[in-house]
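Coordinate inspection notes
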Amino acid sequence: MKDVHSSHVGREIRVAWAIAAKDMRTYYTQPPSIMFGILFPFTLFLAFTIGRNLPLAEQIPILISQTLFFASSSIGPVVIPLERADQTFERFLTSPVSLLAILMGKTLGGIIYGAGISVIPVLVGIVFFGSQITNLGALIACFALSSLAFSALGIMFAQSLDRLSGR
Amino acid sequence: MGSAIEAINLTKYYDDLLAVDHVNFEVEQGEIFGFLGPNGAGKTTTIRMLTGVSVPSEGTATIMGYDIQRRSVSAKEQMGIVPDVSNVYKDLSAWDNLIFTGKLYDMPKAFRESRAEELLKMFGLYERRKEKVKGFSRGMKRRICIAMALMNRSHILFLDEPTSGLDVQSVLIIRDLIRKLNQQGLTIFLTTHNIEEASQMCDRVAIINYGKIATVDTPEKLKRTVESLQSVEVAFEATPQNALKELEELPQVSEAVKQGDKFKLFTRDPSSVLASTWNYAQNNNLKLITVNTVGPSLEDVFVKLTGIKPATAQEEPEKPDQARKQKMPNARKHQ
């Protein structure tokens with residue numbers, strides 16, 4: 001019984017990973033993903049910081065958190081409506097795939113994108129401005145939990161936007 | 001052989017619209033089953049319920065014995081689906097599309113790679129396997145879509161309008177593939193608007209109209225049910241102006257229709273009509289260039305059972321949902 005359960009869980013994880021990997025290859029370079037995941041947080045950061053005398057130690061965390069929020073939450077509202085429009089989302093519904101595996105895959109796509117993009121301001125802070133990471137464990141936990149929450153938020157908005165658009 | 005697909009009282013309401021009305025039918029293993037009906041008749045809704053995309057309001061369906069609602073994963077493992085739109089990932093290559101499908105079915109790596117290679121070779125796309133699908137023609141995308149549906153060696157293949165909008169060469173390739181797959185034992189559930197295609201390919205057909213099954217039988221038996229739709233086709237070298245009206249007035253002709261440069265004279269007695277047509281040609285100094293007697297086609301059966309007729313400019317076609325609401329006495333609020 002335990003083997004059956006573990007093989008079922010293993011299958012769910014493998015399918016979720018396959019969906020996330022496919023989303024990375026297919027949708028990460030789409031214009032809406034670049035616009036809202038990369039350009040938008042950077043622009044907002046500039047709008048927020050230019051003209052203020054904020055110390056650099058405060059500016060970098062602002063950029064990181066904004067990038068984390070916008071990049072993680074942008075994938076769901078980009079990928080799901082595109083998949084619905086191309087009718088590729090029906091592939092999941094007609095395959096022997098559980099709803100949980102689909103959601104896990106889509107959320108994982110947002111987590112990887114958000115966390116991946118957010119590493120860039122961290123590196124910029126360290127390399128160019130001499131910022132220091134005081135607690136690496138807390139930073140990793142923050143990245144993991146925030147990107148999970150924001151990615152799931154994006155999926156939720158994608159679902160409601162999809163319904164509003166009548167698809 | 002047992003049944004591959006069984007629909008039991010399948011019913012679907014969309015709010016107060018009864019889209020599919022207690023539909024029952026069985027598809028035997030290894031047969032090609034055609035599912036015909038005019039637009040808005042309930043074909044796609046029925047397919048969506050059979051494939052687990054849509055939940056029936058009432059009734060159920062089984063796929064190779066598995067209830068599509070209660071054991072949906074097992075049921076979905078038995079089938080491949082080709083929707084009316086080729087829903088391939090255009091930014092992935094042909095190879096990656098198949099491999100991704102294999103991953104969705106949790107196929108082991110070696111098996112999915114050998115199966116993808118086998119299918120791409122079978123569909124004549126192996127040489128272009130590394131190209132992105134967005135550069136493919138519509139027919140090639142259709143073939144990729146069918147190959148994706150076959151990745152898991154399914155027992156049943158659902159094909160929704162597989163040849164719609166394709167060029168003649170692609171249509172012939174796909175029809176040939178469907179026949180070969182069926183010869184290998186695959187059960188095919190085929191939805192099509194092309195009645196001639198259904199007549200040529202299907203072992204049995206079901207005709208659905210206003211959400212109800214009008215008939216289920218073999219194409220030849222269905223044609224025999226409408227013997228009154230036998231006809232004589234004639235064409236003259238020069239067509240007189242009143243020919244249609246005059247031909248319709250010939251004895252034993254129930255209806256005359258002009259089809260291009262030919263006239264189709266419907267009758268229960270083709271031999272009498274042949275004689276009277278010959279006399280008509282002699283009396284009017286017309287030279288007959290074509291004379292054929294034609295049995296009823298599946299299209300004739302379809303037209304008779306569905307009652308569809310071409311709309312004229314004055315007679316706007318009703319919207320399907322409006323028509324359905326008027327004709328369905330048992331429409332009710334969605335529960």
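Residues numbered from 1 in each chain as written. Chains lettered and ligands numbered in written order. Predicted model: local features only at pLDDT ≥ 70, side-chain atom pairs only at ≥ 80, totals over all residues.

**Quick look at the overall build of chain B**
- From N to C terminus, chain B includes 12 helices and 14 strands.
- Long-range pairs, those at least 24 residues apart, make up 71% of the contacts in chain B with a sequence separation of at least 6. (Helix = DSSP H or I, 4+ residues; strand = E, 2+ residues; numbered from the N terminus. Contact = placed C-beta atoms within 7 Å.)

**Regarding the overall build of chain A**
- Regarding its fold elements, chain A presents 6 helices and 0 strands.
- Traced from its N-terminal end to its C-terminal end, chain A shows the element sequence α-α-α-α-α-α.
- Taking the principal axes of the C-alpha coordinates as reference, chain A spans close to 55 × 40 × 25 Å.
- For chain A, the proportion of its 167 residues judged to be buried stands at 35%.
- The contacts in chain A between residues at least 6 apart in sequence include a share of 91% that link residues at least 24 apart. (Buried ≥ 20, exposed ≤ 12 C-beta atoms within 10 Å, placed from the backbone.)

**Some words on the sheet that holds strand β1 (residues 3-14) of chain B**
Residue and element names in this part refer to chain B.
- Read from one edge to the other, the open sheet built from 4 strands follows the order β2-β1-β4-β5, with strand pairing classed as antiparallel. Only two strands of the sheet have a single neighbouring strand rather than two, namely β2 (17-28) and β5 (66-67).
- Both β1 and β2 contribute to a ladder of 8 bridges, which runs antiparallel. Within β2, the residue paired with Glu 6 across the bridge is Glu 26.
- Helix α1 (residues 43-50) rests against β1, β2 and β4 (58-63) of the sheet, and its axis sits at about 120 degrees to β1. (Pairing = 2+ DSSP bridges. Axes fitted to C-alpha atoms, helices over the stretch in contact; angles between N-to-C directions.)

**Section: the sheet that holds strand β11 (residues 230-236) of chain B**
Residues and elements named next belong to chain B.
- As summarised here, the arrangement of the 4 strands in space is β12-β13-β11-β14, forming an open sheet in which the pairing is antiparallel. The sheet is open, and its two borders are formed by β12 (253-259) and β14 (288-294), each paired with just one other strand. Recorded for the sheet is a direction-independent mean angle of 20 degrees between the axes of neighbouring strands.
- In terms of strand pairing, β11 meets strand β13 (residues 262-267) through 5 bridges, oriented antiparallel. Bridge pairing in β13 links Val 232 to Leu 265.
- Taken strand by strand, helix α10 (residues 270-283) contacts β11, β12, β13 and β14, and its axis lies near 20 degrees from that of β11.

**Some details on the pairing of strand β9 (residues 204-209) of chain B**
All names here are of chain B.
- The buried count for β9 comes to 5 of 6 residues, which makes it a mostly enclosed element.
- Sheet topology note: the strand β3 (residues 32-36)/β9 ladder contains 4 bridges and is parallel. By the bridge assignment for β9, Gly 34 is matched with Val 205.
- Pairing between β9 and strand β10 (residues 212-217): 5 bridges, direction antiparallel. From the neighbouring strand, Ala 206 faces β10, where its bridge partner is Val 216.
- The turn linking β9 back onto β10 is made up of 2 residues, and Tyr 210 within it adopts a positive phi angle of 50 degrees.

**A word on the domain arrangement of chain B**
- Domain boundaries in chain B define domain 1 (3-218) and domain 2 (227-295).
- Of note, the centres of domain 1 of chain B and domain 2 of chain B, computed from C-alpha atoms alone, are 42 Å apart. (Domains from an automatic or database assignment.)

**Examining the interface of chain B and chain A**
- Each partner contributes to the interface: chain B provides 18 residues, whereas chain A provides 17 residues.
- Within the residue set of the side of chain B that touches chain A, elements represented by two or more residues are α2 (72-77) and α3 (94-104) of chain B.
- Among the residues making up the side of chain B that touches chain A, the classes are represented as 10 nonpolar, 3 polar and 5 charged. (Nonpolar A, V, L, I, M, F, W, Y, C, P; charged D, E, K, R; others polar.)

**Some words on helix α11 (residues 298-306) of chain B**
Residues and elements named next belong to chain B.
- Of all the positions in α11, only Leu 298, Asp 300, Val 301 and Phe 302 are classed as buried.
- Residues of α11 that are buried in the fold lie against β3, α7 (195-201), β9 and α8 (219-224).
- Positive backbone phi, at 70 degrees, marks Gly 307, one or two positions downstream of α11.

**A closer look at helix α5 (residues 99-129) of chain A**
- Spanning 31 residues, α5 of chain A covers 45 Å between terminal C-alpha atoms, matching the ideal 45 Å at 1.5 Å per step.
- Just downstream of α5 of chain A, Gly 130 of chain A is the residue with a positive phi angle, here 70 degrees. (Expected span 1.5 Å × (residues − 1).)

**Brief notes about the environment of Ala 101 of chain A**
Residues and elements named next belong to chain A.
- Residue placement: Ala 101 occurs in helix α5.
- Note: C-alpha distance between Ala 101 and Ala 57 (44 residues apart in sequence) is 40 Å.
- If sequence neighbours within four positions are ignored, Ala 101 has contacts with Glu 12, Val 15 and Ala 16.

**Quick look at the nonpolar core**
- Counting 101 residues, the largest nonpolar core has Leu 98 and Phe 189 of chain B as its most contacted members.
- Considering each element in turn, this core owes the most residues, 10 residues, to helix α3 (residues 56-85) of chain A.
- Beyond its immediate chain neighbours, meaning those up to four positions away, Leu 98 of chain B contacts Ala 116, Leu 119, Leu 120, Ala 147, Met 148 and Met 151 of chain B.
- Val 232, Val 234, Phe 266 and Val 273 of chain B belong to the second largest nonpolar core, which has 12 residues in total. (Core = buried A, V, L, I, M, F, W, Y, C linked by C-beta atoms within 7 Å.)

**Looking at the environment of Asp 96 of chain B**
Residue and element names in this part refer to chain B.
- Looking at the secondary structure, you find Asp 96 in helix α3.
- Taking the C-beta count within 10 Å as the criterion, Asp 96 has 19 such neighbours and is therefore assigned partly exposed.
- Distance in space between the C-alpha atoms of Asp 96 and Leu 50 is 28 Å, their sequence separation being 46 residues.

**Overview of the packing of α3 of chain B against helix α4 (residues 109-122) of chain B**
Residue and element names in this part refer to chain B.
- Contact geometry of α3 with α4 gives a least axis separation of 9 Å together with a crossing angle of 135 degrees. Compared by their axis directions, α3 and α4 come out oblique. For the crossing formed where α3 meets α4, the hand is right-handed. Within the contact between the two elements, α3 uses Ala 94, Trp 95, Leu 98, Ile 99, Gly 102 and Lys 103 and α4 uses Arg 112, Arg 115, Ala 116, Leu 119 and Leu 120. (Parallel < 35°, antiparallel > 145°, perpendicular 65-115°, else oblique. Left-handed = near helix turned anticlockwise from the far one by under 90°.)

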